[in-house]
Amino acid sequence: MEAQIGTDILLSEELLRKGKLVAIPTETVYGLAANALDINAVSDIFKTKNRPNFDPLIIHVASFEEINKYAEDISEDIWKLAEKFSPGPITFLLKKKDIIPDLVTSGLERVAIRIPDHKLTLKLLSKLDFPLAAPSANPFGYVSPTNAEHVYNQLGQKIPYILDGGQCEVGLESTIIGYADGELTVFRKGGLALETLEDFLGKKIKINDHSSSNPAAPGMLLKHYSPNKRIQIWEPDKVLIDPNKKIGFLGFKNENPEISSENQYILSKKGNLAEAANRLFSGLRWFDQQDVDIVYIELVLEEGLGMAINDRLKRAAAKS
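Please read all numbers here as calculations on a predicted model, not as lab measurements.

A. Structural detail: the packing of aromatic side chains. Applying the stated criterion to the full structure yields 5 aromatic pairs. For the ring pair Phe85 and Phe200, a centre distance of 5.4 Å and an interplane angle of 80° mean the geometry is edge-to-face. One end of the pair, Phe85, is in helix α4 (residues 76–85); the other, Phe200, is in helix α8 (residues 194–201), and 115 residues separate them in sequence. You can call Phe85 buried: its relative accessible area is 13%. Exposure remark for Phe200: the relative accessible area of 35% places this residue in the partly exposed category. Ring centres of Tyr265 and Trp286 lie 5.7 Å apart, and the angle between their planes is 45°; on these two criteria the pair is classed as tilted. Linking Tyr265 in strand β15 (residues 264–266) with Trp286 in helix α9 (residues 273–288), this pair joins segments that are 21 residues apart in sequence. One aromatic cluster is present, formed by Trp234, Phe249 and Tyr296 through successive ring pairs.

Given below as structure tokens:
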């Protein structure tokens, strides 16, 4: 099998109705989609990605009305956030209805659900009478794909079709929000900044954003988003560069004078966090094509989208 790449929504619909997998574009990253109500199709997602079945999936729907089909006990704050920020890079962790298979939620009582902000995928979703389970379209643990070529390079021999929606606008996975112990909580930092949510609601939101096993929501495993190079966080006072190693550097705004320019990838020379977020996964992938032994990564400002960028960087560098 070799994947076709194109913009054929009708073919995508046909394949999904037959229980096949289709890579779909969103504003965040490309997803590996299947009928979320079809256990066999969902099982194929886990097999194709080599994803452990204890890591739950996000389901994607086309409208607010559909959220009620698959989730219940939705709070006023969640509805306010959904009406304000959806379609968009936000996912809601909600009590699931029985129609959602346990495989999708890894046996948990809550389902992660969102409305993606991409015209092609929204049009596709509007033609379907089922939601799409769609984790990132990459082998488990590797860097998330932000264009169709990324998907093809990783999964092109395993799936029949890649719906090409161009480069992802946001480039970071969605922010996941729900409740923990009765408190509104962010379970994964993502493409919608925590401060934006807090300013809109006029209240502080708790953060509970990683777990090394049995995660409560998608994307919470400690080690994730990793390229095939050794990754280490740049700490100027602690790092001693090994002269026998070829060194790469992923920086936020400025190049590192201690490292060869040809082995550096700068996320945003303007110091713009949105641009840095959009370029992050492409930057991590770039180093897999470079002749380097170690990639040092520079953390960014811990504010706005910087919180989500640092989250991904720390997970990429995690040793376990």
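B. Inspection of the pattern of salt bridges at higher detail. Within the structure shown, the criterion is met by 17 salt bridges. Put simply, Glu76 and Lys80 hold a salt bridge, and the shortest N to O gap is 3.6 Å. Within this pair, Glu76 and its partner Lys80 are both found in helix α4, separated by 4 residues, close to a single helical turn. Of the residues examined, Glu76 reaches a relative accessible area of 59% and is grouped as exposed. Residue Lys80 is classed as partly exposed on the basis of its relative accessible area of 36%. Of the charged contacts, one joins Lys204 and Glu198 as a salt bridge, the two residues approaching to 3.6 Å between their closest N and O atoms. Under the relative-accessibility criterion, Lys204 is labelled exposed at 70%. A single salt-bridge network, built from bridges that share partners, covers Glu173, Asp311, Arg312 and Arg315.

C. Looking closely at the packing of α9 against helix α10 (residues 306–317). With their axes 9 Å apart at the nearest point, α9 and α10 run at an angle of 25° to one another. Compared by their axis directions, α9 and α10 come out roughly parallel. The way α9 lies across α10 gives a crossing that is left-handed. Taken together, the residues of α10 that come into contact with α9 (itself represented by Leu273, Ala276, Ala277, Leu280 and Phe281) are Gly306, Ile309, Arg312 and Leu313. When its residues are assigned to classes, the contact of α9 with α10 shows 7 nonpolar, 1 polar and 1 charged.

D. Fine view of the packing of α4 against α8. It is the contact of α4 with α8, at a shortest axis distance of 11 Å, that shows an interaxial angle of 115°. Taken together, the axis directions place α4 and α8 in an arrangement best described as roughly perpendicular. The chirality of how α4 crosses α8 is right-handed. Residues Asp77, Lys80, Leu81, Lys84 and Phe85 of α4 form the contact with α8, whose participating residues are Thr196, Leu197, Phe200 and Leu201. Classifying every residue of the contact of α4 with α8 by side-chain character gives 5 nonpolar, 1 polar and 3 charged.

What counts and what doesn't
- Position labels on residues start from 1 in each chain and follow its written sequence.
- Selection of residues for local features in this predicted model requires a pLDDT of at least 70, selection of side-chain atom pairs for listing and counting requires 80 or more, and totals for whole chains, interfaces and linings are taken over all residues.
- Calculated side-chain values reflect all of the structure's heavy atoms, with hydrogen atoms and water omitted.
- We call Phe, Tyr and Trp rings a pair once their centres come within 6.5 Å, taking the six-membered ring for Trp, and we label the pair stacked below 30 degrees between planes, edge-to-face above 60, and tilted otherwise.
- Put simply, DSSP H or I for four residues or longer makes a helix, DSSP E for two residues or longer makes a strand, and each gets a number counted from the N terminus.
- When accessible area is computed with a 1.4 Å probe and restricted to protein chains, residues below 20% of their type maximum are described as buried, those above 50% as exposed, and intermediate ones as partly exposed.
- Within this document, salt bridges are pairs made up of a side-chain nitrogen of Lys or Arg and a carboxyl oxygen of Asp or Glu, the two lying within 4 Å of each other.
- In this analysis, axes come from line fits to C-alpha atoms, helices being fitted only over the stretch in contact, and the angle between any two N-to-C directions falls in the range 0 to 180 degrees.
- Between 65 and 115 degrees an angle is taken as roughly perpendicular, under 35 as roughly parallel, over 145 as roughly antiparallel, and anywhere else as oblique.
- Each crossing is labelled by how the near helix is turned from the far one, with a counterclockwise turn of less than a right angle marking it left-handed and a clockwise turn marking it right-handed.
- Whether two residues are in contact is decided by their heavy atoms, any of which lying within 4.5 Å being enough.
- Amino acids outside the nonpolar list (Ala, Val, Leu, Ile, Met, Phe, Trp, Tyr, Cys, Pro) and the charged list (Asp, Glu, Lys, Arg) are all regarded as polar, and Gly is one of them.

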